[in-house]
Amino acid sequence: MKIIMNEIYKEAFEKTRQAGAIAAGALDEVNKIIKPGTRTQDIDELCYEYLNDHGAYSAPLFYRGFPKSCCTSTNHVVCHGIPSDKILKEGDIINVDVTALKDGWHGDTSKTFEIGKVSIKAKKLVNTTHEALMKAIKIIKEDTHLGDIGAVIQDHVEAEGFSVVQDFCGHGIGKKFHEEPNVLHYGKKGTGIKIKAGMIFTIEPMINFGKYETKTLNDGWTAVTKDKSLSAQFEHTIGVTKDGCEIFTLSKNK
């Protein structure tokens, strides 16, 4: 990703802020309907309508052939789950990933929802994943190394006995859905490029209860844990400032 110069990155921040707010709002609406008995297709339809009603488009829809408006990844699905007639049941966890395209700019966010009462292990996985994301965001400011982000996430996750998925990463975002830099969720402190004020990217750790390995199913999209263990994910789009960062996709809920 090209570093946006100070005199113009304010526009990029404002446009991303608008797109990010719409994506976050879609997840807030999902929170109102998601429960045992909800179909993942119901979630997709809600997201499609919410984005359209707020003057935005779904970036994932038809992106590289993806057939739906959001990703719904349940239990051992790591990411890129395709909405369908699948019915959620008590005890499931599901990540819903939404990207709004508004006035040519993207806002990308995801959240793992708990369906009814979930197991203690599932709740711990979900909480640890969210904690890892927020710990990483907390350290971001100009001249932070990209490797510092991955190190913070990996250290927190592995201390809780979980593993960090290595096959997928965060990414630069702006007028393009995916661009440089790649933001790994594992790594060593002090490595990688130094980030600069004006850069916009996602952080989106995928954390497995078991081993980190994944595989992609025959549909070409759905990534699952090889050992069929649970997986959780949270994602925010952030913009780097001199002294910290701005989260563009803050939800009213967790």
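Note that the structure is a prediction, hence the values are computed from the model and not measured. (Residues numbered from 1 in each chain as written. Predicted model: local features only at pLDDT ≥ 70, side-chain atom pairs only at ≥ 80, totals over all residues. Heavy atoms only, no water.)

Describing the confidence of the model for the protein chain
Then comes step 1: Per-residue confidence for the protein chain averages 95 on the pLDDT scale, and 96% of its residues sit at or above 70.
Then comes step 2: Per-residue pLDDT stays below 50 along residues 1–5; that stretch engages in 16 contacts with residues further than four places along the chain or on separate chains. (pLDDT = per-residue confidence, 0-100. Contact = heavy atoms within 4.5 Å.)

Remarks on the environment of T241
Then comes step 1: In this fold, T241 is placed in the loop between strand 14 (236–240) and strand 15 (245–247).
Then comes step 2: According to the relative accessible area criterion, T241 is partly exposed, its value standing at 24%.
Then comes step 3: In this structure the C-alpha to C-alpha distance between T241 and G198, which are 43 residues apart in sequence, comes to 6.3 Å.
Then comes step 4: Setting aside residues no more than four positions away along its own chain, T241 makes contact with F13, K141, E142 and A197. (Helix = DSSP H or I, 4+ residues; strand = E, 2+ residues; numbered from the N terminus. Buried < 20%, exposed > 50% of the residue type's maximum accessible area, 1.4 Å probe, protein only.)

Here's the deal with the sheet that holds strand 11 (residues 214–216)
Then comes step 1: Here we have three strands laid out as an open sheet, ordered 3-12-11, and antiparallel in their pairing. Looking at which strands have only one partner, the edges of the open sheet turn out to be strand 3 (77–79) and strand 11. Taken over all neighbouring pairs, the strand axes of this sheet differ in orientation by 40 degrees on average, direction set aside.
Then comes step 2: Where strand 3 lies against strand 12 (residues 223–225), two bridges are found, and the strand directions are antiparallel. From the neighbouring strand, C79 faces strand 12, where its bridge partner is A223. (Pairing = 2+ DSSP bridges. Axes fitted to C-alpha atoms, helices over the stretch in contact; angles between N-to-C directions.)

Some remarks on helix 4 (residues 146–159)
Then comes step 1: Compared with the 20 Å implied by 1.5 Å per residue over 14 residues, the 21 Å span of helix 4 between its first and last C-alpha is a close match.
Then comes step 2: Burial within helix 4 is extensive, with 10 of its 14 residues counted as buried.
Then comes step 3: Residues of helix 4 that are buried: L146, G147, D148, I149, G150, A151, I153, Q154, H156 and V157.
Then comes step 4: The first or second residue beyond helix 4 is G161, which carries a positive phi of 90 degrees. (Expected span 1.5 Å × (residues − 1).)

Focus: the pattern of salt bridges
Then comes step 1: Tallied over the entire structure, the rule returns 10 salt bridges.
Then comes step 2: Linking E246 and R17 is a salt bridge whose minimum nitrogen-to-oxygen distance equals 2.6 Å. Here the residue E246 occupies a position in strand 15, and R17 occupies one in helix 1 (residues 6–33), the gap between them amounting to 229 residues.
Then comes step 3: A salt bridge links K123 to E114, with the nearest nitrogen and oxygen atoms 2.8 Å apart.
Then comes step 4: Judged by its relative accessible area of 26%, E114 falls in the partly exposed class.
Then comes step 5: When salt bridges that share partners are traced, they join E14, R17 and E246 into one network. (Salt bridge = Lys/Arg side-chain N within 4 Å of Asp/Glu carboxyl O.)

Points about the sheet that holds strand 13 (residues 231–233)
Then comes step 1: Strand order in the open sheet made by the three strands is 6-10-13, with antiparallel pairing throughout. Of all the strands in the sheet, just strand 6 (163–164) and strand 13 have a single pairing partner and so form its edges.
Then comes step 2: Two strands pair when backbone bridges link them, and strand 10 (residues 206–208) and strand 13 are joined in this way by three bridges, in the antiparallel orientation. Residue pairing in the sheet places I207 in a bridge with A232 of strand 13.
Then comes step 3: Those strands touched by helix 3 (residues 120–138) are strand 10 and strand 13, and its axis lies near 35 degrees from that of strand 13.

Considering the packing of aromatic side chains
Then comes step 1: Following the criterion strictly, the structure yields five aromatic pairs and no others.
Then comes step 2: Between F13 and F248, the aromatic rings sit 5.2 Å apart at their centres with planes inclined by 85 degrees, giving edge-to-face as the arrangement. With F13 in helix 1 and F248 in the segment after strand 15, this pair connects stretches of sequence that are 235 residues apart. Here F13 and F248 have matching classes, each one buried.
Then comes step 3: Judged by centre distance (5.0 Å) and plane angle (80 degrees), the ring pair of F66 and W221 falls under edge-to-face. (Phe/Tyr/Trp six-rings, centres within 6.5 Å; stacked < 30°, edge-to-face > 60°.)

With respect to the pairing of strand 2 (residues 71–74)
Then comes step 1: Here strand 2 shows two buried faces, one formed by C71 and S73 and the other by T72 and T74.
Then comes step 2: Bridge count between strand 2 and strand 4 (residues 93–102): four bridges; the pairing is antiparallel. Opposite S73, over in strand 4, you have N95 as the bridge partner.

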